[in-house]
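# A closer look at the structure
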Amino acid sequence: MFLTYVYRELRRRHRQALLIALGLALGVCLVVTVSATAGGVRDAQNDVLHSLYGVGTDITVTQSAQRGSGDPQQFGMNPGSAQKQGQRFSRDAVTSTMGLALVADKKVTSIAGLRGVNAAVGGLTLSSMHMSGKFAKIVGGSSSAGGSGSGSAAAAPSTTTSGSGAPSQAPIKISSFTIAGVDVADQTIGPLSSATITTGRTFTAKEDNAAVVVVDAGYAKQNSLVVGDTMKIAGVSFKVVGVSKSASGAANVYLPLRRAQTIAGEKDKVNQIYVKATSATQIAAVKKEIKATVPGATVTTAQDLADQVSGSLASASKLADQLGTWLAIAALIAAVAVASLLTLSGVSRRVREFGTLKALGWRSRRIVSQVLGEAVVMGIAGGLGGAVLAVAATRLVGVLSPSLQATVGSSGVSTSAAQSGLPGGSSGPAGALSSLSHTVTVYLHASVSPGLLAAAIALGLAGALVAGGLGGWRAARLSPADALRRVD
Amino acid sequence: MLYELTGVTKRYVQAHKNVAALDGVDLSIAEGEFVAVQGSTGSGKTTLLQMLGALDRPTSGAVCFDGADLAVLSEARLCALRSRAFGFVFQAFNLIPTLTARENVETALVPHGMHSAERAERAHAALAEVGLADRASHVPVELSGGEQQRVAIARALVRAPRVILADEPTGNLDERTRDEIVALLEELWGGRDQTIIMVTHDSRVAGRASRRLWLEAGTVASSRYAPEGSNELAPATADELGAVPARG
Ligand SMILES: Nc1ncnc2c1ncn2[C@@H]1O[C@H](COP(=O)(O)OP(=O)(O)OP(=O)(O)O)[C@@H](O)[C@H]1O
Ligand SMILES: [Mg+2]
């Protein structure tokens, strides 16, 4: 009887039942889609953070360089003698990344010894600039050779840079790339930890001072480098042993740390310390300890970094976190409210019917469960419908696969990037030479998990139960006499 | 006595107006009586029937049915009484529009918690008794008014209640159908020795009752028994007001 009655009622009021189920389905679909998308955004953000930061790294430690000690590149571009004017030149300069102070690598050992620290490795990020071209001819004795327009320090007053409107006839080629010195003993943290080796191999533990190099895929392609090639850094030949790929391109090339220290002339110095905590809960405490151990250090945790992520990914994640969730909840509430109202109006039209059943001796409970039974069917239909709609909607997100950009720090401002403690956190000595971008593009993929689908159906059901419960209570509340007198 | 009502008062408060639908009704009804309840509109006939059928509780007074006061019984006991002791027939039939005739009759057996096969069988038997065996699978809209009321009567009779309470069961029917329904009720009544309490505006219907009860403004104005062997009663007179039942 129960099922017959439920079935007959739903069939008679199929339009209303369909409307209720559809409302619930839309609400459920929105909730599921938003949470699936939010999950996708979160995944994307994790991807970005990992690629920028290193999967294993919890904390990076850097120290800002003192003002004025930022190691401006000095090329010594003066022709020196009049005979050299108009002749070819080639210069290399490898310097520690601007804005980052060098610290003795003993500090790494002391940080590694702190409580809550699992491991700590040092890293040295460098930028290498290579210039070649011809010396400018000084025309008419006036030494105006590019004296304007250069951002270089006073030590090289007549530096000519391309595009500065200098009288030099020959173009000057400038190429620059970033270098990260990697502690070969522990590569699970540090600059290479976020990269995957696409061809070749990474450093072996024995290669702590070897002339080998791992090249970032993008840089390798640009310079037609493959495994087995050699490339020159600061005049020294390095053998390419591997090509790596990381979304951020933490550096263009990776060297064993000691080699990096040697070519930069900074023995036993590092400018980045990568720290891995024993557990995520330790991170805050470790950050405090490090600050005490290395006064003046900039200690950046993954969370700090996440807070600095800007761009459409950050907006999307904010949107998903704040607006999206509320929107979804509001939609669900609206759907439940509409379902409740429709159920209530349906029930109020049946008050006399329920009064009759009560006069026949039906318990209020039975009448409530009758209304609930109808609601359950609509709820399951709504939940299933919502799940189907949500799968379709997330498929659509997958097909459209919107790209999201994430930028860490404000790009182009080297100090801010350096303070963010990023590997290679400098945009180069001059804005024109900006070689490293901290903008990462990821593609959004929303996926609906079985758990989420189950939750969707449960949501639809819960919504329907709320609606049915309200309606049932309204129906059963009246005494049979009152219910029978009701004219509708 | 089956029913023993003493000082039954039912008040409704509506828009700050206190309406006494029943105002101190004293009444006894014996088992097996066919009582016709008459009175002008608003005199409290429906309200009285609801008190007798345990559909509502009086504001004050006692409604003793078979020795138990319906005014103070628990809701669960009232439910049990409604499902076993009373059978209602309404003026507007009050069938469940989505259910077939047989299923409508079955709703009366649902509180008894019997097996569905037995329920269907008994419902079918009840429909056969009111002459609607061939209409068992029709829904109410496919039935005429008289047929719908027959279904409602089958629904009231299917559990063999001690009391049939009918509120103007012929009010929505034309003359011919009305006669059929009354004949049916009489036939069923005669065969089972059930107590019938029927509200009716029709003196021809009331004339068939064994007792006529007149209500006026919530009080019993007169109560007269039909002379033995006669179906025609003289209209109530003032001196019969508050008459004591002589039968039962
Ligand atoms: N739920 C209620 N709320 C307020 N007043 C009510 C309610 N039920 C009944 N009444 C009032 O009580 C009085 C008696 O009503 P009742 O329905 O018993 O009359 P009745 O004799 O059945 O009338 P009719 O012949 O028109 O059916 C009426 O005045 C009516 O307005
Ligand atoms: Mg009435």
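Attention now goes to the sheet that holds strand β7 (residues 163-167) of chain B. All names here are of chain B. Spatially, 6 strands are ordered β6-β7-β8-β3-β9-β10 in an open sheet, and the strand pairing comes out mixed. Of all strands in the sheet, those bounded by a partner on one side alone are β6 (86-89) and β10 (219-225). Strand-to-strand twist of the sheet, defined as the mean angle between neighbouring strand axes without regard to direction, takes the value 15°. As paired strands, strand β3 (residues 34-39) and strand β8 (residues 195-199) are joined by 4 bridges and run parallel to one another. Directly across from Val-37, in β8, lies its bridge partner Val-199. Lying over the sheet, helix α5 (residues 145-157) contacts β6 and β7, oriented at roughly 170° with respect to β6.

Let us now look at the sheet that holds strand β2 (residues 17-29) of chain B. All names here are of chain B. Taken together, the 4 strands give an open sheet; going across it, the order is β2-β1-β4-β5, and neighbouring strands pair in antiparallel fashion. Each edge of the open sheet is held by one strand with a lone partner, namely β2 and β5 (68-69). Alignment of strand β1 (residues 3-14) against β2, held across 9 bridges, turns out to be antiparallel. Each residue of the ladder has a partner; that of Tyr-12, found in β2, is Val-19. Taken strand by strand, helix α1 (residues 45-52) contacts β1, β2 and β4 (60-65), and its axis lies near 125° from that of β1.

Turning next to the side chain of B:Arg119. Counting through the fold element by element, B:Arg119 comes out in helix α4 (residues 116-129). Separated by 3.0 Å, the side chains of B:Arg119 and B:Glu106 make a polar contact.

The next point concerns the site of ligand 1. Taken together, 14 residues are adjacent to ligand 1, and A:Arg485, B:Thr41, B:Lys45, B:Thr46 and B:Thr47 come closest. Residue neighbours of ligand 1 fall on chains A and B, so the site bridges chains. Between B:Ser43 and ligand 1, the recorded distance is 3.3 Å, taken from a backbone N or O atom to an oxygen atom. Between B:Lys45 and ligand 1, the recorded distance is 2.7 Å, taken from a side-chain N or O atom to an oxygen atom. Against a free-state accessible area of 630 Å², the protein chains account for coverage of 73% of ligand 1. Looking at the shell around ligand 1, the elements that each hand over two or more residues are β1, β2 and α1 of chain B. For the shell around ligand 1, the element with the most residues is α1(B), which contributes 3 residues.

Residue and element names in this part refer to chain A. Contact geometry for helix α1 (residues 2-12) and helix α10 (residues 364-400): axes closest at 9 Å, N-to-C directions at 60°. It follows from the interaxial angle that α1 and α10 lie oblique. In this structure, α1 meets α10 at a crossing whose hand is right-handed. Contacts between α1 and α10 involve Phe-2, Tyr-5, Val-6, Glu-9 and Leu-10 from the first element and Ser-369, Gln-370, Gly-373, Glu-374, Val-377 and Met-378 from the second. Split by residue class, the contact of α1 with α10 holds 6 nonpolar, 3 polar and 2 charged.

Before going further, it helps to spend a moment on the side chain of B:Arg178. Residue and element names in this part refer to chain B. Of note, Arg-178 is situated in helix α6 (residues 175-192). A polar atom in the side chain of Arg-178 sits 2.2 Å from the side chain of Asp-202. With residues up to four places along the chain from it excluded, the contact list for Arg-178 reads Thr-170, Leu-173, Asp-202, Arg-204 and Val-205.

Residues and elements named next belong to chain B. In the structure shown here, the tally under the stated rule is 22 salt bridges over all chains. Between Arg-102 and Glu-106 there is a salt bridge, and its shortest N-O distance comes to 2.9 Å. With Arg-102 and Glu-106 both in helix α3 (residues 101-107), this residue pair falls 4 residues apart, about one helical turn. Taking the shortest distance from any N to any O, the salt bridge between Asp-179 and Arg-178 comes out at 3.5 Å.

What follows is about the confidence of the model for chain A. If pLDDT is low for a region, its predicted coordinates should not be looked at in detail. Residues and elements named next belong to chain A. The predicted model of chain A averages 76 in pLDDT, with 76% of residues at 70 or higher. When pLDDT is averaged over each helix and strand of chain A, the minimum, 33, is found for helix α11 (residues 414-419) and the maximum, 92, for helix α9 (residues 351-359). Across residues 141-166 the pLDDT falls below 50, and counting only partners more than four positions away or on other chains, this stretch makes 32 contacts in the model.

Bringing a nonpolar patch on the surface into the picture now. Residue and element names in this part refer to chain A. A contiguous nonpolar surface patch, about 350 Å² in accessible area, is contributed by Trp-326, Ile-329 and Ile-333. Mapped onto the secondary structure, Ile-333 falls in helix α8 (residues 312-348). Given a relative accessible area of 55%, Ile-333 falls into the exposed group.

Below, the discussion takes up the interface of chain A and chain B. Chain A puts 22 residues into the contact, and the matching count from chain B is 28 residues. Carbon and sulfur atoms supply 61% of the area buried between chain A and chain B, which totals about 2300 Å² over both sides. Considering only the side of chain A, the residues that lose the most area to chain B are A:Met1, A:Leu360 and A:Arg485, jointly responsible for 29% of the buried surface there. At the junction of chain A with chain B, the criterion picks out 1 salt bridge. The salt bridge partner of A:Arg8 is B:Glu103, with a shortest N-O separation of 2.4 Å. The tally of links from chain A across to chain B stands at 9 residue pairs in polar contact (both at pLDDT 80 or more).

With that out of the way, let us pick up unusual backbone geometry. One non-glycine residue with positive phi stands out, namely A:Ser224, at about 50°. Note that A:Ser224 resides in the loop between α4 (217-222) and β8 (230-233). Among the residues examined, A:Ser224 registers a relative accessible area of 59% and is labelled exposed. The phi dihedral of B:Phe93 falls on the positive side, at around 70°, and the residue is not glycine.

This part covers the packing of α1(A) against α9(A). Relative orientation and spacing of two packed helices are given, respectively, by the angle between their axes and the distance between those axes. All names here are of chain A. The contact between α1 and α9 brings their axes to 15 Å, and the two run at 165°. By the angle between their axes, α1 is roughly antiparallel relative to α9. In terms of crossing hand, the pair formed by α1 and α9 is right-handed. Counting all contacts with α1, which are made through Tyr-5, Glu-9 and Arg-12, the residues of α9 involved are Glu-353, Phe-354 and Leu-357. For the contact of α1 with α9, the per-class residue count stands at 3 nonpolar, no polar and 3 charged.

Thresholds, definitions, all that
- Residues numbered from 1 in each chain as written.
- Chains lettered and ligands numbered in written order.
- Predicted model: local features only at pLDDT ≥ 70, side-chain atom pairs only at ≥ 80, totals over all residues.
- Heavy atoms only, no water.
- Pairing = 2+ DSSP bridges.
- Helix = DSSP H or I, 4+ residues; strand = E, 2+ residues; numbered from the N terminus.
- Axes fitted to C-alpha atoms, helices over the stretch in contact; angles between N-to-C directions.
- Contact = heavy atoms within 4.5 Å.
- Polar contact = N/O pair within 3.5 Å; in protein donor to acceptor, adjacent residues only side chain to side chain.
- Near = heavy atom within 4 Å.
- Areas by Shrake-Rupley, 256 points an atom, 1.4 Å probe, with all protein chains shown as cover.
- Parallel < 35°, antiparallel > 145°, perpendicular 65-115°, else oblique.
- Left-handed = near helix turned anticlockwise from the far one by under 90°.
- Nonpolar A, V, L, I, M, F, W, Y, C, P; charged D, E, K, R; others polar.
- Salt bridge = Lys/Arg side-chain N within 4 Å of Asp/Glu carboxyl O.
- pLDDT = per-residue confidence, 0-100.
- Patch = residues over 30% accessible without salt bridge, like charges linked within 9 Å, V, L, I, M, F, W, Y side chains within 5 Å.
- Buried < 20%, exposed > 50% of the residue type's maximum accessible area, 1.4 Å probe, protein only.
- Buried area = accessible area lost by both parts, 1.4 Å probe.

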